[in-house]
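Here are the chains, one letter per residue:
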Protein chains: 2
Amino acid sequence: MKFLKVCSILAACMLASVSVFAQEALNYKISGGSPIVNPDSSVTFSIKAPHAGKVMVNGVGEPLEMTKDSAGVWSVTTSPLRPDLYTYSFEVDGVRTLDPANIYTARDIAALSSLVIVPGGNADLYAVHDVAHGNVSKVWYESPALGMQRRMTVYTPAGYDPAGERRYPVLYLLHGMGGDENAWSELGRAVMILDNMIAEGKVEPMIVVMPNGNGNLAAAPGETGRGMYTPKGEDSVAEYGKFEKSFPEIVDYVDTHYLTITDKSGRAIAGLSMGGGHSWRISLWNPDMFDYVGLFSAAVRWNGSGVSADDEGLSEALRHQFAASPALYWIAIGDEDFLYDLNKDYRDMLDGLGLSYEYHESAGGHTWTNWRDYLTLFLPSLFRK
Amino acid sequence: MKFLKVCSILAACMLASVSVFAQEALNYKISGGSPIVNPDSSVTFSIKAPHAGKVMVNGVGEPLEMTKDSAGVWSVTTSPLRPDLYTYSFEVDGVRTLDPANIYTARDIAALSSLVIVPGGNADLYAVHDVAHGNVSKVWYESPALGMQRRMTVYTPAGYDPAGERRYPVLYLLHGMGGDENAWSELGRAVMILDNMIAEGKVEPMIVVMPNGNGNLAAAPGETGRGMYTPKGEDSVAEYGKFEKSFPEIVDYVDTHYLTITDKSGRAIAGLSMGGGHSWRISLWNPDMFDYVGLFSAAVRWNGSGVSADDEGLSEALRHQFAASPALYWIAIGDEDFLYDLNKDYRDMLDGLGLSYEYHESAGGHTWTNWRDYLTLFLPSLFRK
């Protein structure tokens, strides 16, 4: 009898408990929630804010003003959007807020935003599908060169068996200024892109190593003894070449701890913006290390205070690198990127030296939209030589 | 000459770019940011909302009303708080929002909250310190029993070397209703607790496996082909015993893929709430699998629709389990927990059967504050027999 009484109490409490947990978020949802991606690729955003005077949504094209219904719910529907992953936020009477009905967020330096995917085209590669998934690990390695234990993200493809025989090629994938070892796997959707493109047979199964490229830092914000501080873009700025010089110890660590192909035919390096500059310099300094180089909106030739001049022996170094015949040297940039001219000058230099590379010019600027796209274009060429 | 021009443009653009990135968040910060933990363990929260009429902070004791200064910044300072990790949110004219100046958040089912740690006592175990860190992996395993690929979180302690000889004991650590394979490593701060207590020599280095305990689900929200849906607590509810029956395949996977101690002396299982019920039943059904059992605010004897009656052969099964002499059978609950009476009845039953266990009763209810605390109390006893 006692058990039956407890039983009914427990059932009631468990249900009550579920409601209590869920209530907070549900209060802010209208039927269908926010965001809703409509069949025509427009997106409807909504937020309950009965006392607000003005509510905007920012991040999907131009800022959009929302309108209030009689229940105090503000909403707006965009025009049809290009398939992509969008980051957005609301502004309620001037206060920036996430979409309270959307649990999916990502951080770019010190700002969190809500996420929505408009499907179709490449954006389908950014969504999770029910394909075989690779594993993602946050791995600490000892860095004698930088004098600290440091953190990196490692993707191993579906089927990778540490106790097996099969060896895999490795892509080293580097973030930009203000980013960290989480950037490519979160905002960059690299894990989804790899899972999906490998499952489609378009990309060779590979290990992808995403280190922290900030030479003064050990790990992403909140992952070190510095605590829960507010990051700044400037955190990325380290003594010129510090991270790049330390890079071979990352390759050593990976070759020691994973089943890798341990010569250049099985290694690629790519990065965006500052990480493109890193990839540029690391591949230049280690011409026998990588067969594939990807420079995405790259800060090529940037040495911390200016652009490397040719009198630093650059032409000779480039000739030396290209004499080792990289399988692919791939440069991509948007026609509105603030680094466009820098890249143009660099391509002119390569052309002048008679060194061959592949070039992809896209629309747009210095954006994750472009970097995700470049990754989907770069990956299929890797390790197919 | 051209390079010098590009150089100065680049420098200007990079600086401009940093400011643009950072500006959004900085707009909402007052000097020192929010939250600020004061020396007396009070916390000052603030948010700029010049047009708001009422701003509250929820989550640190009773809701607190904030006051506005002449710059439109609302703030409030709490009374001194007990050391702990707190989850909080703001309410601006009735709209729930995160603290825009705080990038540190955690999700509980469908609600995101901001995080702050008030240091001291156990809370120092919840913070990241500069100690040797273990690695954390999101691992997909094949589940023939549940008919899907499923995701779990695996912690390997600092020094774990997959190519080495040393074998480690394993704690299986299970989440509650509405949770998933991320719950213990995020809200539960299990990774920090393990890193810190192992570094202090108080806890044996161990592998910790945190599976997804929802028998109908493969992975946390957003990690499957179901897309970026809004989770509900009810997502956890699966056919009675479904997950528990499948559990041995997780142990098989872990013993096959990690350097484990493969007998009961090297295995522990613990869980909170629903996961406590899982731990209770899995250890009951597999009396030779675990030497250590932890039931944290556990839904013991809950069978999906009621409480298992003794006429289901429970006494006999318990006698059989305890005949195998578990090294530790540990029950913990808060004196205000809604499962208190259920646990009391269960302890009475064990007492009546003459089966010995350890019992810890804390203040408070069905909370992460208690579950984190229970983990710090449970861990030091493990694998010391």
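Structural data are supplied above this passage.
These numbers were taken from a predicted model, which means no experiment stands behind them. (Residues numbered from 1 in each chain as written. Chains lettered and ligands numbered in written order. Predicted model: local features only at pLDDT ≥ 70, side-chain atom pairs only at ≥ 80, totals over all residues. Heavy atoms only, no water.)

A look at the overall build of chain A
Stated formally: Secondary structure elements are taken from DSSP: a helix is a run of H or I of four residues or more, a strand is a run of E of two residues or more, and numbering for both begins at the N terminus. Using a 1.4 Å probe, accessible areas were evaluated by the Shrake-Rupley method; residue-level cover was limited to the displayed protein chains. In summary, the charge assignment counts Lys and Arg as positive and Asp and Glu as negative, without counting His or the chain termini. For this purpose, a charge sits on NZ of Lys, CZ of Arg, CG of Asp or CD of Glu.
Each helix and strand in chain A was counted, giving 8 helices and 18 strands. Dimensions of chain A along its principal axes, counting C-alpha atoms only, are 80 × 55 × 40 Å. Carbon together with sulfur atoms contributes 51% to the accessible area of chain A, which is approximately 14500 Å² in total. Positive and negative side-chain charges of chain A, numbering 30 and 46 respectively, have mean locations separated by a distance of 6 Å.

What about the interface of chain A and chain B?
Our working definition: Contact criterion: two residues are considered in contact whenever any of their non-hydrogen atoms come within 4.5 Å of each other. Throughout, the accessible surface (probe 1.4 Å) given up by two parts as they are put together, summed over both, is called the buried area. Salt-bridge detection follows one rule: a side-chain nitrogen of Lys or Arg within 4 Å of a carboxyl oxygen of Asp or Glu. Under the rule applied, a polar contact is a pair of N or O atoms within 3.5 Å (in protein, one hydrogen donor and one hydrogen acceptor; residues adjacent in sequence only if both atoms are side-chain atoms).
Contacts between chain A and chain B engage 77 residues on the former and 77 residues on the latter. Where chain A abuts chain B, roughly 7100 Å² becomes buried across the two surfaces, and 68% of that area is made up of carbon and sulfur atoms. Taken together, the links from chain A to chain B amount to 0 salt bridges. Between chain A and chain B we count 14 residue pairs in polar contact (both at pLDDT 80 or more) in total. Put simply, the parts of the chain that give the side of chain A that touches chain B at least two residues each are α1 (2–26), β2 (43–48), β8 (95–97), β9 (105–108), β10 (111–118), β11 (135–143) and α7 (340–353) of chain A.

Let's talk about the sheet that holds strand β1 (residues 36–37) of chain A
Short version of the rule: Should DSSP find at least two bridges between two strands, the strands are taken to pair.
Within the open sheet, the 4 strands sit side by side as β1-β2-β6-β5 (chain A). Their pairing is antiparallel. Since the sheet does not close on itself, it has two edges, and those belong to β1 and β5 (67–68) of chain A, each with one partner.

Description of the packing of helix α5 (residues 274–285) of chain B against helix α6 (residues 314–323) of chain B
All names here are of chain B. Just so we agree on the cut-off: As a rule, the C-alpha atoms of each element are fitted with a line to give its axis, helices using only the stretch in contact, and angles between N-to-C directions run from 0 to 180 degrees. Each angle receives one of four descriptions, namely roughly parallel if under 35 degrees, roughly antiparallel if over 145, roughly perpendicular if within 65 to 115, and oblique otherwise. Ten residues, namely Ala, Val, Leu, Ile, Met, Phe, Trp, Tyr, Cys and Pro, are considered nonpolar, four, namely Asp, Glu, Lys and Arg, are considered charged, and the remaining ones, Gly among them, are considered polar.
Close contact between α5 and α6 brings their axes to 9 Å; oriented N to C, the two are set at 75°. The pairing of α5 with α6 is recorded here as roughly perpendicular in orientation. Contact with α5, carried on its side by Trp280, Ser283 and Leu284, involves Leu314, Ala317, Leu318 and Gln321 of α6 and no other residues of that element. Tallied by class, residues from the contact of α5 with α6 come to 5 nonpolar, 2 polar and no charged.

Examining the environment of Asp255 of chain A
Residues and elements named next belong to chain A. Threshold: Only protein chains enter the calculation, and the probe is 1.4 Å; a residue is then buried if its accessible area is under 20% of its type maximum, exposed if over 50%, and partly exposed in between.
On the secondary structure map, Asp255 appears in helix α4 (residues 242–257). On the basis of relative accessible area, Asp255 is assigned to the buried category, the value being 19%. Distance in space between the C-alpha atoms of Asp255 and Val170 is 9.2 Å, their sequence separation being 85 residues. Apart from the residues lying within four places of it in its own chain, the contact partners of Asp255 are Thr260, Ile261, Thr262 and Arg267.

Remarks on the packing of aromatic side chains
This is how it is decided: Pairing of aromatic rings covers Phe, Tyr and Trp, the last through its six-membered ring, and needs centres within 6.5 Å; plane angles under 30 degrees mean stacked, over 60 mean edge-to-face, and all others mean tilted. Our definition puts a charge over a ring when NZ of Lys or CZ of Arg is within 6 Å of the ring centre and also within 35 degrees of the ring normal.
As enumerated under the stated definition, the model contains 42 aromatic pairs over all chains in all. Aromatic pair Tyr292 of chain A and Phe383 of chain A: ring centres 5.2 Å apart, planes at 70°, arrangement edge-to-face. With Tyr292 of chain A in strand β16 (residues 292–296) and Phe383 of chain A in the segment after α8 (368–378), the pair connects residues that are 91 residues apart, well separated along the chain. For the pair formed by Tyr292 of chain A and Phe383 of chain A, the shared burial category is buried. Plain terms: the ring middles of Trp184 of chain B and Phe296 of chain B are 6.2 Å apart, the flat faces sit at 75° to each other, and that makes the pair edge-to-face. With Trp184 of chain B in the loop between β13 (170–174) and α3 (190–199) and Phe296 of chain B in strand β16 (residues 292–296), the pair connects residues that are 112 residues apart, well separated along the chain. The pair formed by Trp184 of chain B and Phe296 of chain B is uniform in burial state, with each residue classed as buried. In this structure an aromatic cluster arises from ring pairing among Trp184, Phe296, Trp330, Trp368, Trp371, Tyr374 and Phe378 of chain A. Lying over the aromatic face of Tyr126 of chain A, Arg372 of chain A brings its terminal NZ or CZ to 5.5 Å of the ring centre. When the ring centre of Tyr229 of chain B is taken as origin, the NZ or CZ atom of Arg226 of chain B, which lies over that ring, is 3.6 Å away.

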